[in-house]
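As a plain string of letters, each chain reads:
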Amino acid sequence: MTPLSSRIARLRTRIQRACEDCGRDPGGVELLPVSKRQPLNLVREAAALGFPRFGENYVQEALAKISEAPDLGFVLIGPLQRNKARTALLNFRQIMTVDRPELALRLRHLAGELDVTREIWLQVDLWDETTKVGGAGAGDLEAVFAALGDDPRLPVQGFMAIPPPEDPGSFRALDLLRTRWQEKLGRKLRLSMGMSGDLEEAIRAGSDQVRIGTAFFGTR
Ligand SMILES: *Cc1c(COP(=O)(O)O)cnc(C)c1O
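To keep things clear, this report deals only with the structure shown in the data block. Here the structure is a predicted model, which is why all the values come from computation and not from measurement.

### Side note on helix H3 (residues 59–68)
Piece 1. Residues of H3 that are buried: Val59, Ala62, Lys65 and Ile66. Viewed along the axis of H3, the buried residues span an arc of 125°, placing them on a single side of the element. Among the exposed residues of H3, those pointing more than 90 degrees away from its buried face are Gln60, Ser67 and Glu68.
Piece 2. Residues of H3 that are buried make contact with helix H2 (40–48), strand S2 (53–56), strand S3 (73–76) and helix H4 (85–91).

Now the structure itself:
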C-alpha cells in the first residue's frame, strides 16, 4: 500500500461507517478528490487508482495541470469570474460554482457559441452571502435557474455548498433546500457537501458527493 492508497482506504471506511450509521448505501456517496495545491504526480497516482475527476479551486493552477496532463479530468470548485467563463468551459469537465444570474447567462451564451455541453452545479450559501467563497442565497436561486433556462448544454446536477462547520444544522438546511427545489422542478438534484473534517455529518444529512482534499492527498 502506498501512503495515498492507505489514505483512500481509510476514507472509504469512514464513508462506509457513516452510511451504515444512517442506513444509506455507500455506493450512493461519490468521493470527489480535491487536488488544489497538490503535485501532479500524486494526482496521476490517484487517477491510476480509478478516480476520473479532481476538484480544483483556482483556474490558473488547474490550467497548468491540464496543460501537462490533458488526459486527467478536472472540475471547478472555486469562484469563477465572468471573464474566465470561456476558459473554464473549455477546460473543466464540470463547473460547480455557478452562483449568480450574470455568470449563468454568460456561461449559457458561451456554451452555445462554443458548442459544448457541461454539467454544472449551483453553489449556495445560506449563511453569509458576503463571504468570498461565493454562493447564491436561497432567494437568488430562482433567478439563477431562470438565467439558465433549462438549457440542455448546461444541465444542473444539484447544489454545492461549504456549510459553516460550527453550525450543526447547516447540512440539514441544505437538504431541505434541495427537497424544495426537487419538488419545484419535478426531478432529482444532488447535494455536494462535506469535506475532510465533516464528511460524516454531511452524509448523515443526505450528501451525495463529498469533496475531499487533505484526508485524500495529505496536507497541502
Ligand atoms: C479545499 C476544498 C475542499 C477540500 O477541503 P479539505 O478540508 O482539504 O478536504 C472541498 N471543497 C472546496 C470548495 C474546497 O475549496
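### As for unusual backbone geometry
Piece 1. Unusually for a residue other than glycine, Asp115 sits at a positive phi of about 55°.
Piece 2. Of note, Asp115 is situated in the loop between helix H5 (101–114) and strand S5 (119–123).
Piece 3. The phi dihedral of Asp150 falls on the positive side, at around 60°, and the residue is not glycine.
Piece 4. Tracing the sequence through the fold places Asp150 in the loop between helix H6 (141–148) and strand S6 (156–160).

### Points about the layout of surface pockets
Piece 1. Looking at the largest pocket, its volume works out to about 410 Å³.
Piece 2. Residues belonging to the lining of the largest pocket are distributed by class as follows: eight nonpolar, seven polar and five charged.
Piece 3. Roughly 190 Å³ of internal volume is contained in the second largest pocket.
Piece 4. Along the walls of the second largest pocket sit Phe145, Ala146, Leu148, Gly149, Asp150, Asp151, Pro152, Leu154, Pro155, Val156, Leu185 and Arg187, which together make up its complete lining.
Piece 5. Of the residues forming the lining of the second largest pocket, the biggest block, three residues, is contributed by H6.
Piece 6. The residue inventory of the lining of the second largest pocket, partitioned by class, reads eight nonpolar, one polar and three charged.

Criteria and thresholds
- Residues numbered from 1 in each chain as written.
- Predicted model: local features only at pLDDT ≥ 70, side-chain atom pairs only at ≥ 80, totals over all residues.
- Heavy atoms only, no water.
- Buried < 20%, exposed > 50% of the residue type's maximum accessible area, 1.4 Å probe, protein only.
- Helix = DSSP H or I, 4+ residues; strand = E, 2+ residues; numbered from the N terminus.
- Arc of directions from axis to C-beta.
- Contact = heavy atoms within 4.5 Å.
- 1 Å grid on protein atoms, 1.4 Å probe; cavity = no way out; pocket = protein on both sides within 12 Å on 5 of 7 lines; lining within 4 Å.
- Points joined across faces, edges and corners; volume = space filled by probe spheres on them.
- Nonpolar A, V, L, I, M, F, W, Y, C, P; charged D, E, K, R; others polar.

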